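This is what each chain is made of:
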Amino acid sequence: MDGYRIDSIWRAMRLGQHTHAIDLLKQVLADDPQSAVAHALLASNLIAQGRLHAGEHELKIALSLDPNTAWFYLTYARLCTLKNRLKEAIQYCEQAQSLEPSNPEPLFMLSEIYLQLDERQAAEACLKEAARLDPDSRRLEIAFGEFYFSGGKLDQALQHASEALRADAGDADANLLMGKLQLALGNSDDAEYHAKFVISNNPSSKEALRLFSHVKMRRNPFLGLWWRLNSKIAALGNTKGAFVIIMAFLFFNLLARAILDMGYPTTSLVLSLGWVALVLYSWISIPMYHRALKKELEEFSFRKDY
Amino acid sequence: MAGYDIIDEPKPRLQENFIVDPTVIFFVSIFLPLLWVPPFQGQYWLPFVWVIANGYLLGSPTLKKEIGISIAGILLWLGFSIGAVYLTQLSGFALEATAPYIRILSKGIFFLALYLVVLKQSAPYAVYSYVKEQASH
């Protein structure tokens with residue numbers, strides 16, 4: 001890849017313009033289909049867009065062309081965590097670590113994976129090892145902050161988040177951690193400030209948009225209920241989510257019919273209307289939520305080079 | 001964008017004017033039977049035919065899976081409906097009493113299968129829409 005293209009691709013990725021980065025990488029791969037780095041970068045962008053299947057395909061190509069680059073394995077580990085294949089993700093992190101033993105990044109990711117597996121001791125051990133390898137790493141404070149936050153130790157998490165922000169007030173991860181902490185502490189104004197700060201620098205940051213949405217929904221009980229319902233169903237994945245929705249449909253309708261057959265037409269009617277109300281509520285909430293979010297985002301001032 | 005092909009990008013065929021958002025098919029299959037009931041229980045299988053035709057025109061990379069889920073869904077719906085009627089008669093219950101429950105459950109099976117197919121097709125449709133939008137600029 002030539003220097004100009006690399007610069008353009010990195011710039012697009014840094015600004016969260018993944019679609020633009022993908023277009024550039026497609027041009028690069030049309031000229032040089034054997035570029036492992038281009039395949040891996042394409043995979044990173046596809047993963048960022050949630051196109052995990054295509055991302056995995058590109059990563060397999062990248063690794064077949066070059067099996068000795070640590071960050072390819074780290075990207076694969078990230079993909080596996082998103083697909084909830086956590087054991088596999090651990091293996092890829094370990095492979096990355098064996099290729100670059102002095103790099104703390106695989107340990108940070110391992111710590112995140114162990115936290116997801118609720119193996120807190122292993123997660124802490126990874127962070128301590130990362131601290132030994134690179135005591136000056138900026139990531140360290142954030143990783144420890146996340147570790148304590150996930151364990152409910154908000155005071156310790158706050159200490160690390162403040163330290164991370166003191167070292168670099170513009171760091172997106174540090175701001176997000178502080179935002180999440182402030183929201184957990186009930187300071188939604190502060191949480192909003194941090195979310196807005198990250199969005200103004202990177203409007204494609206899903207984490208920041210999620211935090212911002214959490215803040216907005218916390219303040220709006222009507223949409224907040226839908227947001228929570230929607231988040232819970234989305235977290236289950238497509239298939240399980242579909243099952244839950246259909247089960248709710250069956251539960252309401254079968255119950256209403258059974259109650260009608262038992263001779264309580266009014267109760268049955270109320271139940272049927274309840275189902276209709278729930279459906280209408282979930283339909284109305286979507287455009288309302290999008291409108292509210294769009295209105296807020298329109299007021300943002302983004303950085304000049306975005 | 002000419003050049004390298006990403007595997008999840010659809011390759012639309014010539015008649016791409018007929019391609020619709022798969023969620024439209026889902027909503028039509030909910031509301032249309034309220035106004036008009038197609039013959040031969042068409043409300044239960046026509047949406048699958050439509051969604052598969054849509055996937056074909058779209059050049060959906062997940063078309064085989066979509067066809068698989070559709071066939072499984074139709075067979076499950078058919079098997080359940082016939083089996084439930086047969087069991088009702090075998091156990092001596094009046095079909096008039098169990099029919100509303102059978103109808104609700106069979107609708108549940110139908111919507112579950114259709115929902116899964118539509119979800120599967122929504123991803124390639126989103127990529128198709130994006131590519132089309134980029135080409136128009």
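If you look chain A up in an unreviewed UniProt entry, it shows as Tetratricopeptide repeat protein from Allohahella marinimesophila.

A. Geometry of the overall build of chain A. In terms of helices and strands, chain A carries 16 helices and zero strands. If you line up chain A on its principal axes, its C-alpha atoms span 75 × 45 × 45 Å. Counting all 306 residues of chain A, 32% fall into the buried class. Pairs at least 24 residues apart make up 42% of the contacts formed inside chain A by residues separated by at least 6 positions.

B. Quick look at the overall build of chain B. A tally of helices and strands in chain B yields four helices and zero strands. Ordered by position in the sequence, the α and β elements of chain B form the string α-α-α-α. With the C-alpha coordinates aligned to their principal axes, the bounding extent of chain B is approximately 65 × 30 × 20 Å. Expressed as a percentage of its 137 residues, the buried residues of chain B come to 28%. For chain B, long-range pairs separated by at least 24 residues make up 79% of all intrachain contacts whose partners lie at least 6 apart in sequence.

C. Highlighting the packing of helix α11 (residues 172-184) of chain A against helix α13 (residues 206-219) of chain A. Residues and elements named next belong to chain A. Running from N to C, α11 and α13 point in directions that differ by 20°, and their axes come no closer than 10 Å. One finds that α11 runs roughly parallel with respect to α13. Judged by the twist between their axes, the crossing of α11 over α13 is left-handed. Along the contact surface, α11 presents Leu176, Gly179, Lys180 and Leu183, while α13 presents Glu207, Ala208, Leu211, His214, Val215 and Arg218. Within the contact of α11 with α13, the residues separate by chemical class into five nonpolar, two polar and three charged.

D. A look at the interface of chain A and chain B. Counting residues at the interface gives 21 residues for chain A and 17 residues for chain B. Counting only elements with at least two residues in the side of chain A that touches chain B, the list comes to α2 (18-31), α4 (52-65) and α15 (238-261) of chain A. The biggest single contributor to the side of chain A that touches chain B is α15 of chain A, with ten residues. When its residues are assigned to classes, the side of chain A that touches chain B shows ten nonpolar, seven polar and four charged.

E. How the structure looks around the UniProt feature "repeat: TPR" (unreviewed entry) in chain A. Feature annotation in UniProt places "repeat: TPR" (unreviewed entry) on residues 104-137 of chain A, given in this structure's numbering. The span residues 104-137 of chain A is 76% helix and 0% strand, and its two end C-alpha atoms sit 8 Å from each other.

F. Broad picture of the UniProt feature "transmembrane region" (unreviewed entry) in chain A. Residues and elements named next belong to chain A. Following the UniProt record, one finds the feature "transmembrane region" (unreviewed entry) at residues 241-260 and 266-286. End-to-end, the C-alpha atoms of residues 241-260 are 29 Å apart, and along that stretch the chain is 100% helix and 0% strand. Helix makes up 100% of residues 266-286 and strand 0%, with an end-to-end C-alpha separation of 30 Å.

G. Structural view of unusual backbone geometry. Despite not being glycine, aspartate 118 of chain A has its phi angle at roughly 65°, a positive value. In this structure, glutamine 41 of chain B is a non-glycine residue whose phi angle is positive, near 55°. By the secondary structure assignment, glutamine 41 of chain B is in the loop between α1 (22-35) and α2 (42-58). The class for glutamine 41 of chain B is partly exposed, based on 13 C-beta atoms found within 10 Å.

H. Spatial organisation of the packing of helix α6 (residues 86-99) of chain A against helix α7 (residues 105-116) of chain A. All names here are of chain A. For the pair α6 and α7, the least separation of the axes is 9 Å and the interaxial angle reads 165°. On the basis of the axis angle, α6 is roughly antiparallel to α7. For the element pair α6 and α7, the recorded crossing hand is left-handed. Along its contact with α6, which presents Leu86, Ala89, Ile90, Cys93, Ala96 and Gln97, the element α7 presents Pro106, Leu107, Met109, Leu110, Ile113 and Gln116. When its residues are assigned to classes, the contact of α6 with α7 shows ten nonpolar, two polar and no charged.

I. Focus on the nonpolar core. By size, the foremost hydrophobic cluster in this structure holds 66 residues, and its most contacted members are Leu25, Ala77, Cys93 and Leu177 of chain A. In contact with leucine 177 of chain A, other than residues within four places in its own chain, are Ile142, Gly145, Glu146, Phe149, Ala161 and Ala164 of chain A. Residues Phe48, Val51, Leu112 and Tyr115 of chain B belong to the second largest nonpolar core, which totals 17 residues.

J. Representation of the environment of phenylalanine 147 of chain A within the structure. Residue and element names in this part refer to chain A. Mapped onto the fold, phenylalanine 147 is located in helix α9 (residues 138-150). Classification of phenylalanine 147 as buried rests on a count of 22 C-beta atoms within 10 Å. Each C-alpha atom, one on phenylalanine 147 and one on glutamate 112, is 8.1 Å from the other, the two residues being 35 residues apart in sequence. Sequence-distant contacts of phenylalanine 147, that is, excluding residues within four places in its chain, are made with Ser111, Leu115, Ala123, Glu124 and Leu127.

K. Up close: the environment of valine 131 of chain B. All names here are of chain B. By secondary structure assignment, the location of valine 131 is in helix α4 (residues 95-136). Residue class for valine 131 comes out partly exposed when judged on the 15 C-beta atoms lying within 10 Å of it. Each C-alpha atom of the pair valine 131 and proline 10 lies 9.3 Å from the other, and the pair is 121 residues apart in sequence.

L. Here's a closer look at the UniProt feature "transmembrane region" (unreviewed entry) in chain B. Residue and element names in this part refer to chain B. UniProt's feature table lists "transmembrane region" (unreviewed entry) at residues 18-36, 42-59 and 71-95, given in the numbering used throughout. The distance separating the terminal C-alpha atoms of residues 18-36 is 22 Å; by composition the span is 74% helix and 0% strand. For residues 42-59, the helix share is 94%, the strand share is 0%, and the end-to-end C-alpha distance is 25 Å.

M. Local environment of the confidence of the model for chain B. Confidence in the prediction of chain B, expressed as mean pLDDT, is 88, and 96% of residues score 70 or more. Here the prediction assigns the complex a pTM of 0.73, and the interface score ipTM is 0.75.

N. Looking closely at α13 of chain A. All names here are of chain A. Along its 14 residues, α13 runs 20 Å from first to last C-alpha, staying within 8% of the 20 Å computed at 1.5 Å per residue. Looking at α13, one finds that the buried residues are Ala208, Leu211, Phe212, His214, Val215 and Met217. Tucked inside the fold, the buried residues of α13 contact α11, α12 (188-201) and α14 (221-235).

What counts and what doesn't
- Residues numbered from 1 in each chain as written.
- Chains lettered and ligands numbered in written order.
- Predicted model: local features only at pLDDT ≥ 70, side-chain atom pairs only at ≥ 80, totals over all residues.
- Helix = DSSP H or I, 4+ residues; strand = E, 2+ residues; numbered from the N terminus.
- Buried ≥ 20, exposed ≤ 12 C-beta atoms within 10 Å, placed from the backbone.
- Contact = placed C-beta atoms within 7 Å.
- Axes fitted to C-alpha atoms, helices over the stretch in contact; angles between N-to-C directions.
- Parallel < 35°, antiparallel > 145°, perpendicular 65-115°, else oblique.
- Left-handed = near helix turned anticlockwise from the far one by under 90°.
- Nonpolar A, V, L, I, M, F, W, Y, C, P; charged D, E, K, R; others polar.
- UniProt positions renumbered as here; feature names shortened; annotations may be inferred.
- Core = buried A, V, L, I, M, F, W, Y, C linked by C-beta atoms within 7 Å.
- pLDDT = per-residue confidence, 0-100.
- Expected span 1.5 Å × (residues − 1).

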